[in-house]
Amino acid sequence: MENKALFINGSPNKDGNTAALAKTLLDGMEYETLNLTDYKVYSYGQTFADDQFDEVLARMKAAQIIVIGSPVYWHNICGSVRDLLDRFYGPVTQDELSGRKLFFLFQGAAPEKWMLEAGEYTMERFAGLYGMRYAGMATDRKQAKELAKALK
């Protein structure tokens, strides 16, 4: 496994607030960005020949540090990130991503505390199920700078 970072951007705005949080978190590090809007990751249960879930999973497996970013949409994680998480059921075994750190970036205009807590709960459980070490969540640049200390 290469010692590299992968930022998975769930926002449809490739250079928006979610990407800015990743840039702050990963400042000074080399990292690759995967914009989910550029990939066809269909909903759980759908089967289409052009599905790219396996490509996304391969890039996650190649990374030591995984950063998943999502805007807050409808009080929760955005649909593209939710679809990615849902697709792990079945083809990915427990602990398959062992040894990796998972960071979560979750931002919105005015999310309520319970929304952020629900998103973090989901990501923490996701990390644990697949063997990753959950390293924390940032919702603004100040928190992203603080969270960056966990990268060292």
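Look up a bit, the structure's there.
How each quantity is defined
The residue numbering used here restarts from 1 in each chain and proceeds along that chain's sequence as written. A pLDDT threshold of at least 70 governs which residues receive local features in this predicted model, and a stricter bar of 80 or more applies before side-chain atom pairs are shown or counted, although totals over entire chains, interfaces and linings include all residues. Remark: hydrogens and water are excluded; side-chain values derive from all non-hydrogen atoms of the structure. A helix here means a DSSP run of H or I that spans at least four residues, while a strand means a run of E at least two residues long, and both kinds are numbered starting from the N terminus. Throughout, exposure labels follow a simple rule: accessible area from a 1.4 Å probe, protein chains only, divided by the maximum for the residue type, with under 20% read as buried, over 50% as exposed, and the rest as partly exposed. Contacts described as polar in this section are N or O atom pairs within 3.5 Å, which, within protein, must combine one atom able to donate a hydrogen with one able to accept it, while residues neighboring in sequence count only if both atoms come from side chains. Whether two residues are in contact is decided by their heavy atoms, any of which lying within 4.5 Å being enough. In short, DSSP must find at least two bridges between two strands for them to pair.

A. Spotlight on the side chain of asparagine 9. Note that asparagine 9 resides in strand β1 (residues 5-9). Under the relative-accessibility criterion, asparagine 9 is labelled buried at 0%. One polar contact links the side chain of asparagine 9 to the main-chain amide nitrogen of serine 11, over a distance of 3.0 Å. Beyond its immediate stretch of four places on either side in the chain, asparagine 9 contacts Lys14, Thr18, Ala19, Thr33, Leu34, Asn35, Leu36 and Gly69.

B. Examining the pairing of strand β3 (residues 65-73) more closely. Counting buried residues along β3, eight of its nine residues qualify, which places the element largely inside the surrounding structure. Across five bridges, the pairing between β1 and β3 is parallel. Looking at the pairing, leucine 6 lines up with isoleucine 66 of β3. Note that β3 and strand β4 (residues 76-77) share two bridges and pair antiparallel. Bridge pairing in β4 places valine 72 opposite isoleucine 77. Where β3 hands over to β4, the hairpin turn is made up of two residues, of which tryptophan 74 adopts a positive phi near 50 degrees.

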